[in-house]
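# Secondary and tertiary structure notes
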Amino acid sequence: MLRAGCSGFPVARSSYFRRLGAVEIVSSFLKPPKPETARTWREEAPSDFDFCVQAWQRITHLPSSPSYARAGEKDAKAVARCGHFKPSDEVQRAWQATAELAETLRARFVLFRTASTFYPNADHLRDMYRFFKAVRRRTFALAWEPRG
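Residues numbered from 1 in each chain as written. Predicted model: local features only at pLDDT ≥ 70, side-chain atom pairs only at ≥ 80, totals over all residues. Heavy atoms only, no water.

This part covers the pairing of strand β5 (residues 141–146). Alignment of strand β4 (residues 109–114) against β5, held across six bridges, turns out to be parallel. Pairing of Thr114 across the sheet is with Pro146, part of β5. (Pairing = 2+ DSSP bridges. Helix = DSSP H or I, 4+ residues; strand = E, 2+ residues; numbered from the N terminus.)

Below you can see the structure in the form of C-alpha cells.
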C-alpha cells in the first residue's frame, strides 16, 4: 500500500488528517515532543493514519551539529557523549524517548537520519551494529537515511 504524506504538518492537523494518510514527525529529531502531545496527535488522526518518527539527534548526530543549538541543548557534558550511535547512557536514553514516542503514536517506522560525518569507518560501523543489535524490537520498523 502506498501512502502520501509530508515531513511535518505544513497545514492545520485537522485539514492534514482529512487529506493525507501519513506524516513524518521531524520535530522529534531535535527533541521528542511531550507524551501528551503525541497522544493528542494519535487521538486526532484517523485510526488507519501512519506516523513515522525521526530518531532523536542525540542518537545519530555529534554535538558539533548546528541542530543542537536549534534544539536548545543545555547539558554540554551529557551531549558530549551523544551521536554516531555511541554506546553511552545518553544515547540509550534518547532511544528510549524515541521508542516511547513511536509507541504512543503507533508509528509504523522510526527513521534514523545520519549526518555526513557518519561515514563507514570501523568505529562508526561497530557502534551502529552494537546499537541495533541491542535495541528491543517493537511494533515499528527501523529505517536508515544516510546523508552526505
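There is more to say, and it comes next.
Over its 17 residues, helix α7 (residues 89–105) runs 24 Å from end to end, which matches the ideal 24 Å to within 8%, given 1.5 Å per residue. For α7, the set of buried residues is Glu90, Val91, Ala94, Trp95, Thr98, Ala99, Leu101, Ala102 and Leu105. Looking one or two residues past α7, Arg106 carries a phi angle of roughly 55°, positive in sign. (Expected span 1.5 Å × (residues − 1). Buried < 20%, exposed > 50% of the residue type's maximum accessible area, 1.4 Å probe, protein only.)

Attention shifts here to the sheet that holds strand β3 (residues 50–54). An order of β1-β2-β3-β4-β5 is seen for the five strands of this open sheet, with the pairing classed as parallel. Each having just a single partner strand, β1 (5–7) and β5 make up the two edges of the open sheet. Sheet twist, expressed as the average angle between the axes of neighbouring strands with direction ignored, equals 20°. In terms of strand pairing, β1 meets strand β2 (residues 22–25) through three bridges, oriented parallel. Bridging across to β2, Ser7 finds its partner in Glu24. Docked against the sheet, α7 engages β2, β3, β4 and β5, running at close to 170° with respect to β3. (Axes fitted to C-alpha atoms, helices over the stretch in contact; angles between N-to-C directions. Contact = heavy atoms within 4.5 Å.)

Moving on, we come to the layout of surface pockets. Gaps left between atoms show up when a probe the size of a water molecule is rolled over them. Size it by volume and the largest pocket reaches roughly 150 Å³. Taken together, Met1, Arg3, Ala22, Val23, Glu24, Asp50, Phe51, Cys52, Arg108 and Phe109 make up the lining of the largest pocket. Class assignment for the residues of the lining of the largest pocket results in six nonpolar, no polar and four charged. (1 Å grid on protein atoms, 1.4 Å probe; cavity = no way out; pocket = protein on both sides within 12 Å on 5 of 7 lines; lining within 4 Å. Points joined across faces, edges and corners; volume = space filled by probe spheres on them. Nonpolar A, V, L, I, M, F, W, Y, C, P; charged D, E, K, R; others polar.)

Going through the model one piece at a time under the given rule, you end up with ten salt bridges. Taking the shortest distance from any N to any O, the salt bridge between Glu90 and Arg81 comes out at 2.9 Å. Judged by relative accessible area, Arg81 falls into the partly exposed class, the value being 40%. The network of salt bridges with common partners includes Arg3, Asp50 and Arg108. (Salt bridge = Lys/Arg side-chain N within 4 Å of Asp/Glu carboxyl O.)

A pair of packed helices can be characterised by two numbers: the angle between their axes and the separation between those axes. At a minimum axis distance of 8 Å, the contact between helix α3 (residues 35–44) and α7 shows a crossing angle of 25°. On the basis of their axis angle, the class for α3 and α7 is roughly parallel. Crossing angle aside, the handedness with which α3 passes α7 is right-handed. On α7, the residues that touch Pro35, Ala38, Arg39, Trp41 and Arg42 of α3 are Leu101, Thr104 and Leu105. Partitioning the contact of α3 with α7 into residue classes produces five nonpolar, one polar and two charged. (Parallel < 35°, antiparallel > 145°, perpendicular 65-115°, else oblique. Left-handed = near helix turned anticlockwise from the far one by under 90°.)

Position of Asp50 relative to the elements: it lies in strand β3. At 3.4 Å, the side chain of Asp50 and the side chain of Arg3 are in polar contact. Excluding residues that lie within four positions of it along the chain, Asp50 makes contacts with Arg3, Gly21, Ala22, Val23 and Arg108. (Polar contact = N/O pair within 3.5 Å; in protein donor to acceptor, adjacent residues only side chain to side chain.)

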